[in-house]
Amino acid sequence: MSRKRLALSLTATLMGGAAFAEVPQVAVDIAPVHSLVARVMDGVGTPDLIVQQGASPHEYSLRPSEAKALQDADLVFWIGADLTPWLTETIETLASDAAVTALLEADGTIELEFRESALFEAHDHGEHGAHGDEDHAEHGDDHKDHEDHAEKAHDDHGHEEAGHDEHGHEDHEDEHAGHEGHGHGAHDPHAWLSPQNAMTWLNVIAGQLSAADPDNAGAYFANAAAGRAEIETLIGEVKATLDPVRAGQFIVFHDAYQYFEEDFDFPASGAISIGDASDPSPARIAEIQARIAEQGIDCVLAEPQFNPGLVATVLDGTEAKTGILDPLGSSLEPGSALYPQLIRNLSAALAGCL
């Protein structure tokens, strides 16, 4: 038990056994995960968001209020070091007494390999496994096997803070001509874009909160069950949105969406940049342009926080349409409603472009 939790327990004892329940202080890394935690804590408490909307998880300078939120935290939920390596030491220093949960390491989490290639083939999603289980070779559209899959993870994206150039598009033009300089790992960390993962994590979050706050365990697990039911309904909505445009082919700005692709059997044809959103080489851009011309790609999807000039370059001379995907829900209000709206917006943007 942490010193903070012990202090709360002693306080309750000194109050003569009177009914006393201190809701844990909870800190969360990014808005989509914060949304899931907020859903589980609905009616009980409110978690603190560390990486604010409009900022990139890659690089972030904590505000004093966010550092204090970590320092005061009894529990911390984050994707893991593969997404925000800078946060590792910060958590160890500021939240040394907190119970820390890296969701990418949670049992049942689907994890996919990091892809380097510019062009994808249908179902080219890497290998799958599950924490503690045997690997499974196949899975259907409904992904019944997904809770038995797993691997590890890497890096994310988002908006840079004021004062930072977006991923150094102008300052590092040549630095990323090859991928040997990239610091990414072997696996893709954008795992929150799998609603299957979100449902798994709701239970993980409820379990951790209940361990810290048993008085509210019933509320946490009831909220998690309700959240899972809402995501099940959401999955049906997304399939209905995508079904009419399944013949369409699309290119994404960077390779952040394979979890969404996998869950909904809706593969992209390629990505302008790899999953860390570093600038593509001229050869990679040429590959993408050739794919658009040869296969008559219908849509090239940009992201609001990244260099629009690259998308314009790729689209030059083609008849492909363009749209925008936002994998962090940067324009949405943080809270329990953000996650389902984020997934709904991705499907609507795809369907609208195709």
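Here the structure is a predicted model, which means the values were calculated and not measured.

Definitions and limits used
- Residues numbered from 1 in each chain as written.
- Predicted model: local features only at pLDDT ≥ 70, side-chain atom pairs only at ≥ 80, totals over all residues.
- Heavy atoms only, no water.
- Phe/Tyr/Trp six-rings, centres within 6.5 Å; stacked < 30°, edge-to-face > 60°.
- Helix = DSSP H or I, 4+ residues; strand = E, 2+ residues; numbered from the N terminus.
- Buried < 20%, exposed > 50% of the residue type's maximum accessible area, 1.4 Å probe, protein only.
- pLDDT = per-residue confidence, 0-100.
- Contact = heavy atoms within 4.5 Å.
- Axes fitted to C-alpha atoms, helices over the stretch in contact; angles between N-to-C directions.
- Parallel < 35°, antiparallel > 145°, perpendicular 65-115°, else oblique.
- Left-handed = near helix turned anticlockwise from the far one by under 90°.

Lay out the packing of aromatic side chains with the relevant residues and their values.
Inspection of the entire model under this criterion finds three aromatic pairs. Taking 6.0 Å as the distance between ring centres and 40° as the angle between the ring planes, the aromatic pair formed by Tyr-60 and Trp-86 counts as tilted. With a gap of 26 residues between them, Tyr-60 in the loop between strand 2 (48-49) and helix 3 (64-72) and Trp-86 in helix 4 (residues 86-94) connect regions that are remote in the sequence. For Tyr-60, a relative accessible area of 9% translates into the label buried. Relative to Phe-264, the ring of Phe-260 has its centre 4.8 Å away and its plane inclined at 50°; by these criteria the two rings are tilted. Taken as a pair, Phe-260 and Phe-264 lie in helix 7 (residues 258-264) at a separation of four residues, close to a single helical turn. For the residue pair Phe-260 and Phe-264, the accessibility class agrees, reading buried in each case.

Which residues make up the confidence of the model for the chain, and what are the values?
Confidence in the prediction for the chain averages 79 pLDDT; 74% of positions are at 70 or higher. Below pLDDT 50 for its whole length, residues 5-20 participates in 14 contacts with residues either more than four positions away or in separate chains. Of the regions scoring below 50 in pLDDT, residues 123-183 engages in 183 contacts with residues more than four places distant in sequence or in other chains.

Which residues make up the packing of helix 3 against helix 4, and what values go with them?
With their axes 8 Å apart at the nearest point, helix 3 and helix 4 run at an angle of 60° to one another. On the basis of their axis angle, the class for helix 3 and helix 4 is oblique. Helix 3 and helix 4 meet at a crossing whose hand is right-handed. For the pair helix 3 and helix 4, contact is made by Ala-67, Leu-70 and Gln-71 and by Leu-87, Thr-90, Ile-91 and Leu-94, respectively.

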